[in-house]
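# Close look at the chain arrangement
The residues making up each chain are set out below.
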Amino acid sequence: GMALSSISAQTSLAVGAVLNATFGSIIELILFFNALAKGFTELTVAAVTGGLLGNMLLLPGISMICGGIKFRNQSFNKISAGVSSVLIIIS
């Protein structure tokens, strides 16, 4: 974790975000592959679905609610709003 933070601080924001997303998910991938190898297919499908829905819907929704509580008026980035709407459509 500390090494990843150090690399992210020395590189650009995009490289840091990609590294964080990649290494943050690698543990889940290892666990899912082990569960599939042992025959827990239904559990693995449910875990992957829950993880995707949580990342696409729950986290942006909580962010919007917390931002609305802290700030009375909010301005959203057009690109960020587009990404959020695409995630909602995909999910």
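Residues numbered from 1 in each chain as written. Predicted model: local features only at pLDDT ≥ 70, side-chain atom pairs only at ≥ 80, totals over all residues. Heavy atoms only, no water.

### Some details on the overall build of the chain
Within the chain, the secondary structure is distributed over four helices and zero strands. Along the chain, helices (α) and strands (β) appear in the sequence α-α-α-α when read from the amino end. Over its C-alpha trace the chain gives a radius of gyration of 17 Å, far above what one expects of a compact globule, namely 12 Å for 91 residues. Along the first, second and third principal axes, the C-alpha set of the chain runs to 50 × 35 × 20 Å. (Helix = DSSP H or I, 4+ residues; strand = E, 2+ residues; numbered from the N terminus. Rg over C-alpha atoms; globule rule 2.2 N^0.38 Å.)

### Focus on the layout of surface pockets
Here the second largest pocket is characterised by a volume of approximately 180 Å³. Every residue lining the second largest pocket is listed: Pro 60, Ser 63, Met 64, Phe 76, Asn 77, Ser 80, Ala 81, Val 83, Ser 84 and Leu 87. Elements with a minimum of two residues in the lining of the second largest pocket: α3 (41-70) and α4 (78-90). Residues that form the lining of the second largest pocket fall into these classes: six nonpolar, four polar and no charged. (1 Å grid on protein atoms, 1.4 Å probe; cavity = no way out; pocket = protein on both sides within 12 Å on 5 of 7 lines; lining within 4 Å. Points joined across faces, edges and corners; volume = space filled by probe spheres on them. Nonpolar A, V, L, I, M, F, W, Y, C, P; charged D, E, K, R; others polar.)

### A word on α3
Compared with an ideal rise of 1.5 Å per residue, which puts 30 residues at 44 Å, α3 spans 42 Å between its outermost C-alpha atoms and is within 8% of the ideal. At Gly 54, α3 shows its largest bend, some 40 degrees. Residues of α3 that are buried: Thr 44, Gly 54, Met 56 and Gly 67. (Expected span 1.5 Å × (residues − 1). Bend = angle between axes of the 7 residues up to and from the residue. Buried < 20%, exposed > 50% of the residue type's maximum accessible area, 1.4 Å probe, protein only.)

### Quick notes on the side chain of Thr 44
Relative to the elements of secondary structure, Thr 44 occurs in helix α3. Not counting chain neighbours up to four residues away, the residues in contact with Thr 44 comprise Phe 32, Ala 35 and Leu 36. (Contact = heavy atoms within 4.5 Å.)

### Brief notes about the confidence of the model for the chain
Counting all residues, the mean pLDDT for the chain is 80, and 90% of those residues have values of 70 or more. Across the chain, element-level confidence peaks in α3 with a mean pLDDT of 84 and bottoms out in helix α1 (residues 2-10) with 72. (pLDDT = per-residue confidence, 0-100.)

### Things to note about the environment of Ala 9
By the secondary structure assignment, Ala 9 is in helix α1. Considered as a pair, Ala 9 and Ile 26 are 17 residues apart in the sequence and their alpha carbons are 21 Å apart.

### Examining a nonpolar patch on the surface
On the surface, Phe 23, Ile 26, Ile 27, Ile 30 and Leu 31 cluster together into a nonpolar patch covering about 480 Å² of accessible area. Structurally, the position occupied by Phe 23 is in helix α2 (residues 13-37). (Patch = residues over 30% accessible without salt bridge, like charges linked within 9 Å, V, L, I, M, F, W, Y side chains within 5 Å. Areas by Shrake-Rupley, 256 points an atom, 1.4 Å probe, with all protein chains shown as cover. Salt bridge = Lys/Arg side-chain N within 4 Å of Asp/Glu carboxyl O.)

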